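Observations on chain architecture
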Amino acid sequence: MRIGELAAAVGVTTRAVRHYHHLGLLPEPERLGNGYRDYTLRHAVVLARIRRLTELGLGLAEVRDVLADDAGKDLIEVLTELDADLARQEEAIRERRRRLRELLEAEALPAEGPVSPGTAALLARVPGSASPMAAKDREILALLDTAAPPEARERITAVLAEALADPEAVRRTEHAYALLDLLAGAAADDPRVAEAARALADAVPAGLLPEGGVPEGDAFLRAVCADFSPAQAEAFRRALRMIAGQRR
């Protein structure tokens, strides 16, 4: 058989046959005097087995392990591992569908995109709907919902939920947002930075920041400050220093 005939007989592409040759899964056939490969029934049997194993979900490295043992004594072990892997994938898919149902059943999705129910509820309560700084805060909360470790995310959500239930804490937050919004486009030495830093330090709930504070060289802090104007970034850094000083 020529390569096209072999591929058609087994239901694969000629490209797949060549790829299996390259990986050593399918032995190279003898070549005729004209240079064409001459495939036999044995090649068709091996190729069909490769197709069946890959359709079951085995990777090509696993297929190689199975084919290496003609007796097939390792096949049960490989298929058992595959079954366990598929079970894990099924569980992951069920969890993703559960989260999708929660999002679809929610009254409204936040503009920041799909987030966990706890963070979605928190975003809806962030004050200052018209404030650019409040919008940045919501973006950061959405980022933390994805990037922060579960224990840190749960701590941040719990602390902020408690703070936003306090009208006085909400007033302090709105005041800090307003002062920081005024610093948009301002230089780091703007005289209004000190007042904004104090307002921000007063607005940050106790327990929101890690126990050891946030080092000024922290990569996440640098990324956050890079999104602010120089004056806003300076107010942010000063506020963190104030909070750290209060803990000493």
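Our subject is the structure that appears above.
Given the structure is predicted, the values throughout are model-derived calculations rather than measurements.

Let us now look at helix H7 (residues 132–147). For H7, with 16 residues, the first-to-last C-alpha span of 22 Å sits near the 22 Å given by 1.5 Å per residue. Listed as buried for H7 are Met133, Ala134, Arg138, Ile140, Leu141, Ala142, Leu144 and Asp145. Two to three positions downstream of the cap, the backbone nitrogen of Met133 sits 3.2 Å from a side-chain oxygen, assigning the N-cap of H7 to Ser131.

So, on to the packing of helix H1 (residues 3–10) against helix H2 (residues 14–23). The contact between H1 and H2 brings their axes to 8 Å, and the two run at 105°. Comparing the axis directions of H1 and H2 gives the class roughly perpendicular. Between H1 and H2, the residues in contact are Ile3, Gly4, Leu6 and Ala7 and Thr14, Val17 and Arg18, respectively. Broken down by class, the residue content of the contact of H1 with H2 amounts to four nonpolar, two polar and one charged.

Right, let's get into the side chain of His21. Looking at where His21 falls in the secondary structure, it is placed in helix H2. Of note is the side chain of His21, whose polar atom sits 2.7 Å from the side chain of Tyr39. Setting aside anything within four residues of it in sequence, one finds His21 in contact with Leu26, Pro27, Glu28, Pro29, Arg37 and Tyr39.

Calculation criteria
- Residues numbered from 1 in each chain as written.
- Predicted model: local features only at pLDDT ≥ 70, side-chain atom pairs only at ≥ 80, totals over all residues.
- Heavy atoms only, no water.
- Helix = DSSP H or I, 4+ residues; strand = E, 2+ residues; numbered from the N terminus.
- Expected span 1.5 Å × (residues − 1).
- Buried < 20%, exposed > 50% of the residue type's maximum accessible area, 1.4 Å probe, protein only.
- Polar contact = N/O pair within 3.5 Å; in protein donor to acceptor, adjacent residues only side chain to side chain.
- Axes fitted to C-alpha atoms, helices over the stretch in contact; angles between N-to-C directions.
- Parallel < 35°, antiparallel > 145°, perpendicular 65-115°, else oblique.
- Contact = heavy atoms within 4.5 Å.
- Nonpolar A, V, L, I, M, F, W, Y, C, P; charged D, E, K, R; others polar.

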